[in-house]
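Spelled out, the chains give:
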Amino acid sequence: MIKSLSFNSHLLVMLGNFGFQNSRRATSHGFLFCLKDQTITKMKKDARLRVDSELDGSLSLRVVPPTLIAAEKEEAKAVLTLFFKKQGLSNAVAARIINKSDLFIDHLVSRLHSVHKSRYLVGRELTTLEIRDALIPYLESLLEEHGSMLADVVENFPHPPIKDKPITLVSPPDSAPDSKQVKAVSRVTETSPAGMLRPQVVYLMELGMDLEKIKLITRRFPAFAYYSLEGKIKPVVEFLLELGVPKSDIPIILGKRPQLCGISLSENLIPTMTFLEDLGVDKKQWAKVIYRFPALLTYSRQKFKTTVDFLYEMGLSSENVGKVLTRCPTIISYSVEDKLRPTAKYFRSLGADVSLLLLRCPQTFGLSIEANLKPVTQFFIERGYTLEEIGTMISRYGALYTFSLADNLIPKWDFFLTMDYSKSELVKFPQYFGYSLEERIKPRIALVKKAGVRLLLNQILSLSSRNFENALEKKMKQQQQLTDQV
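- Identification of the chain as Transcription termination factor MTERF5, chloroplastic from Gossypium gossypioides is taken from an unreviewed UniProt entry.
- In its Sequence similarities (unreviewed entry) section, the UniProt record describing the chain reads: "Belongs to the mTERF family."

So, in structure tokens, the structure goes:
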């Protein structure tokens, strides 16, 4: 069992590995926070920082590349989610806890660095299994110590849970949690004696990013304020432009993932892209892929391999795996065991073709089973459809489950009831729910009714305006001929 002192001592490891500004002296009843200043002395070209810390003397540490840290955080979140689920918590509850626990996730990652220090010194990444083997025993020891209060420990980290009496915090006036953010924002807004902003800020503004946007990014990711123009920001921007990314998209991409500017092009970005191309990502589509999900380039190869292995397991060919990764790169961010596999199992229970669904609409697998999928299934069951029919609908139109009940399915269903079509028409053509009710469905149905003819639902909605008019005119002529014969 880990005693309070040993639990708190892990904070020191985290503070050292990540260069936090707080040094903490812990007791079993509370924390004494003593801030020490840090100065960033150099930003190396290989996307690694050397930080000089005044914590217990002068200490120089190499920090793991941002791309690997980002990947390890996702792995740590997956491990913690799995651990909470084994304790009986639902996905929703576990996710809510983890969303409030950034500092604890940082702590878990720092523990990996401590346990596997030799691996990082030679530049080797940990596998998913190694990460689990390192973190699960530690989480179990915390559970043994804190029992039902473990969730509180995780959410309130680094503050220990309140047990017998309140914890007294002694903090200097400048130890507010957002002090790093304040300093970073101040850095990007400060001007020279001549009234000029920093060169990197001016450069970003010339790309179309206003100062408020830069401040917002800096609040979310304070390290962005310390990236040099020539050494980090400009090379990445120029690389993206060479890939064909429109200049107007650069502010959006950096806003989504400012960490890209801290990643080495030669050692991380380009090798990662080459690796993904080998997995089937279309190299001609990189501009679109990065725009859709810039975080893709910050995941570990092990994470890519785990997801790709799952896609193969589901029956996708290597060509189709590449198509999925190109069309929906966000699928890499989904946990295989906690998201992809349970979702595949759910769709199979409906009789849906999972491999076809993954190919046509992979984003469906990012939805919550309880909050999104089951309510849609129940919606169709209540309207008289069988599970087999629902499975056919989702196989034919994967996006069906991505629509809102209140804003899409219900109003379109209510209008469908006025159209005098059999319910089976929606099994044949579930794409009906993908068309605009006001701009497509209602106007065309009105024209069909006015003409006094009947067309198939897919003819009414899927044809272009000209082809629809031709089909309508042809049907009217046919009906007129039948009337004349009578």
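**Regarding the overall build of the chain**
Step number 1: Helix and strand counts for the chain stand at 25 helices and 6 strands.
Step number 2: For the chain, buried positions account for 46% of its 486 residues.
Step number 3: Counting only contacts in the chain whose residues sit at least 6 apart along the sequence, the fraction spanning at least 24 positions is 64%.
Step number 4: When the accessible area of the chain is evaluated, it comes to approximately 24,400 Å², of which 52% is carbon and sulfur surface.

**Points about the packing of aromatic side chains**
Step number 1: Under the definition given, this model contains 17 aromatic pairs.
Step number 2: When the centroid spacing of 5.4 Å and the interplanar angle of 80° are considered together, the rings of Phe 104 and Phe 157 count as edge-to-face. With Phe 104 in helix α4 (residues 102-115) and Phe 157 in the loop between α7 (150-156) and β6 (169-170), this residue pair connects regions lying 53 residues apart in the sequence.
Step number 3: Relative accessible area serves as the criterion here: at 4%, Phe 157 is assigned to the buried category.
Step number 4: An aromatic cluster of at least three residues, connected via ring pairs, comprises Phe 379, Phe 380, Tyr 385, Trp 413, Phe 416, Tyr 432 and Phe 433.

**Remarks on the environment of Val 109**
Step number 1: As for its position among the elements, Val 109 is in helix α4.
Step number 2: Taking the C-alpha atoms as reference points, Val 109 and Ile 131, separated by 22 residues in sequence, lie 9.1 Å from one another.

**Observations concerning the nonpolar core**
Step number 1: In terms of nonpolar packing, the biggest core is built from 103 residues, with Phe 347, Tyr 401 and Tyr 432 touching the most fellow members.
Step number 2: Looking at this core, the element that brings in the most residues is helix α11 (residues 229-242), giving 6 residues.
Step number 3: Structurally, this core is a two-domain feature, drawing no fewer than three residues from each of domain 2 (334-417) and domain 3 (435-485).
Step number 4: Excluding residues that lie within four positions of it along the chain, Tyr 432 makes contacts with Lys 412, Phe 415, Phe 416, Met 419, Leu 426, Ile 441, Leu 457 and Leu 461.

**Remarks on the packing of helix α23 (residues 437-451) against helix α25 (residues 465-485)**
Step number 1: Taken N-terminus to C-terminus, the directions of α23 and α25 make an angle of 20°; their axes are 11 Å apart at the nearest point. When the interaxial angle is binned, α23 and α25 end up roughly parallel. Relative to α25, α23 is oriented so that their crossing is right-handed. Contacts from Arg 444, Leu 447, Val 448 and Ala 451 of α23 reach α25 at Ser 465, Phe 468, Leu 472 and Met 476.
Step number 2: Counted by class, the contact of α23 with α25 contains 6 nonpolar, 1 polar and 1 charged residues.

**Details of helix α9 (residues 199-206)**
The periodicity of an α-helix, 3.6 residues per turn, causes residues three or four places apart in sequence to face the same way.
Step number 1: Those residues of α9 lying buried are Gln 200, Val 201, Tyr 203 and Leu 204. Seen end-on, α9 carries its buried residues on one side only, within an arc spanning 160°. Away from its buried face, by an angle of more than 90 degrees, α9 presents the exposed residues Pro 199 and Glu 206.
Step number 2: In this structure, the buried residues of α9 make contact with α8 (179-189), α10 (211-220), α11 and α12 (250-256).
Step number 3: Directly beyond the C-terminal end of α9, a positive phi value near 110° is found at Gly 208.

So, how was this worked out
- Residues numbered from 1 in each chain as written.
- Predicted model: local features only at pLDDT ≥ 70, side-chain atom pairs only at ≥ 80, totals over all residues.
- Heavy atoms only, no water.
- UniProt positions renumbered as here; feature names shortened; annotations may be inferred.
- Helix = DSSP H or I, 4+ residues; strand = E, 2+ residues; numbered from the N terminus.
- Buried < 20%, exposed > 50% of the residue type's maximum accessible area, 1.4 Å probe, protein only.
- Contact = heavy atoms within 4.5 Å.
- Areas by Shrake-Rupley, 256 points an atom, 1.4 Å probe, with all protein chains shown as cover.
- Phe/Tyr/Trp six-rings, centres within 6.5 Å; stacked < 30°, edge-to-face > 60°.
- Core = buried A, V, L, I, M, F, W, Y, C linked by side-chain atoms within 4.5 Å.
- Domains from an automatic or database assignment.
- Axes fitted to C-alpha atoms, helices over the stretch in contact; angles between N-to-C directions.
- Parallel < 35°, antiparallel > 145°, perpendicular 65-115°, else oblique.
- Left-handed = near helix turned anticlockwise from the far one by under 90°.
- Nonpolar A, V, L, I, M, F, W, Y, C, P; charged D, E, K, R; others polar.
- Arc of directions from axis to C-beta.

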